[in-house]
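Fold and contact review
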Amino acid sequence: MWHLISEFSKWLMTTQLSHDMAGGWKWGWATCETLHFIGLSLLLGSIGVLDLRMLGFAKHIPPKAIHAMVPWGVAGFAINLITGALFFIGAPFQYVKNIAFLFKLLFILIAGFNILYFYLGGVRKQIENLGPDDNPPLSAKVVSWVSIIAWFGVIYWGRMLPFVGNAF
Amino acid sequence: MNEIYQSMENTGFATWIRESGSIWAYPIVLTLHAIGMGMLVGINWALDLRLLGVAPEVPLMSMERYLPWAWYGFWLNAISGVVLTFADATTKMTSWVFGVKMGLIVIAVLVLLQIKKQVFVKHTSNGKVLAAVSIALWAFAITAGRLMAYIGPVSGLKNVSN
């Protein structure tokens, strides 16, 4: 497994894109970092307003109405998936041996399964019919807490890449 | 001025933050700064998007209920930001990029206060122009923050570029 990851990383480093990210494009890394932080904020805010509503804040808002913010959270995630992939392509060995990176992926996976449960496990259906001032069911509250903890965890492990691990 | 920055940097607390190597020092403060950023900018952007017509079925006045969470993010970052500044005062306080970042944040916060006043309190504006300006200002503030690691005097932690 490690051999495969290592060979793949070495191959990545032979690509033009990797060279560009690793210094060939002078402002590449800084630009992607900036976009990564913008994506982070967009994701956290757009998902956060739905999570907070499901936890009982801003109760006058029908949960279905605030759910319309979700595509913007997906956009934030897409920005971060792309810029994150570019970091990885630029310097794969900063990440493949980095325990913080592994934990970051794990927390993204937790957030992902939580979203799957929200949409496929019937939670969305339950909140869709709620009107203003309705109290969301326990399942929705659990999903919201998991979402907030998971995304905070993703930020924590992302920030830990250079400290716990060996990035930068 | 430099003596002042030097003495800020030399306080026991600033030295501990910078040099202890503890996960609870620089790394956690930096993490809190990223989380606070996400809360402040993210909630502010969600409000801006609603003002610009996203999620039209959300009663506009109810969006005010989210504002305290943006302010929690603001204070979290004011505090963590002061700590980060103390830890690296001679560099941060002489960096023009840091000055630009602070200026952008001040203007962005003033814009948020104007949105609160004109849209939620006095009902004199639909807030669309303010919302567009707000989105741009926060994006520029984040950009300036990131560029502090690249332009002007740069120090940060030993062995860590940001």
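The following refers to the structure shown. (Residues numbered from 1 in each chain as written. Chains lettered and ligands numbered in written order. Predicted model: local features only at pLDDT ≥ 70, side-chain atom pairs only at ≥ 80, totals over all residues.)

Focus: the overall build of chain B
Broken down by element type, chain B carries seven helices and zero strands. Starting at the N terminus and ending at the C terminus, chain B contains elements arranged as α-α-α-α-α-α-α. Dimensions of chain B along its principal axes, counting C-alpha atoms only, are 50 × 30 × 25 Å. Partitioning the contacts of chain B with sequence separation of at least 6, the portion at a separation of at least 24 is 76%. (Helix = DSSP H or I, 4+ residues; strand = E, 2+ residues; numbered from the N terminus. Contact = placed C-beta atoms within 7 Å.)

Details of helix α6 (residues 96-121) of chain B
Residues and elements named next belong to chain B. Helix length check: α6 (26 residues) gives 36 Å between terminal C-alpha atoms against 38 Å at 1.5 Å per residue, within 8%. Where α6 is concerned, the buried positions are Val97, Phe98, Lys101, Leu104, Ile105, Ala108, Val111, Leu112, Ile115 and Val119. Elements in contact with the buried residues of α6: α3 (26-51), α5 (89-92) and α7 (128-147). Two residues or fewer past α6, His123 is found with a positive phi of approximately 55°. (Expected span 1.5 Å × (residues − 1). Buried ≥ 20, exposed ≤ 12 C-beta atoms within 10 Å, placed from the backbone.)

With respect to the interface of chain A and chain B
Counting residues at the interface gives 32 residues for chain A, matched by 33 residues for chain B. When contributions to the side of chain A that touches chain B are tallied by element, the ones reaching two or more residues are α3 (28-54), α4 (63-66) and α9 (138-160) of chain A. At 14 residues, α3(A) tops the list of elements feeding residues into the side of chain A that touches chain B. When grouped by side-chain class, the residues that make up the side of chain A that touches chain B number 24 nonpolar, six polar and two charged. (Nonpolar A, V, L, I, M, F, W, Y, C, P; charged D, E, K, R; others polar.)

Focus on the packing of helix α2 (residues 16-24) of chain A against helix α5 (residues 70-90) of chain A
Residue and element names in this part refer to chain A. Contact geometry of α2 with α5 gives a least axis separation of 7 Å together with a crossing angle of 95°. Here α2 lies roughly perpendicular to α5, going by the angle between them. Across from Leu17, Ser18, Met21 and Ala22 in α2, the residues of α5 making contact are Leu86, Ile89 and Gly90. Along the lines of polarity and charge, the residues of the contact of α2 with α5 split into five nonpolar, two polar and no charged. (Axes fitted to C-alpha atoms, helices over the stretch in contact; angles between N-to-C directions. Parallel < 35°, antiparallel > 145°, perpendicular 65-115°, else oblique.)

Some points on the packing of α3(A) against α9(A)
All names here are of chain A. Where α3 meets α9, the axes come as close as 9 Å, and the angle between the chain directions of the two elements is 160°. By the criterion of interaxial angle, the relationship of α3 to α9 is roughly antiparallel. As for the relative orientation of α3 and α9, their crossing is left-handed in sense. On α9, the residues that touch Leu40, Leu44, Ile47, Asp51 and Met54 of α3 are Ala140, Lys141, Val143, Ser144, Ser147, Ile148, Trp151 and Ile155. Tallied by class, the residues present in the contact of α3 with α9 amount to nine nonpolar, two polar and two charged. (Left-handed = near helix turned anticlockwise from the far one by under 90°.)

Some details on the nonpolar core
Residues and elements named next belong to chain B. Judged by nonpolar contacts, the single largest core of 92 residues is most densely connected at Ile43, Tyr66 and Trp138. At 15 residues, the largest contribution of residues to this core is made by α3. Setting aside chain neighbours within four positions, we find Trp138 in contact with Val41, Asn44, Trp45 and Ala108. (Core = buried A, V, L, I, M, F, W, Y, C linked by C-beta atoms within 7 Å.)

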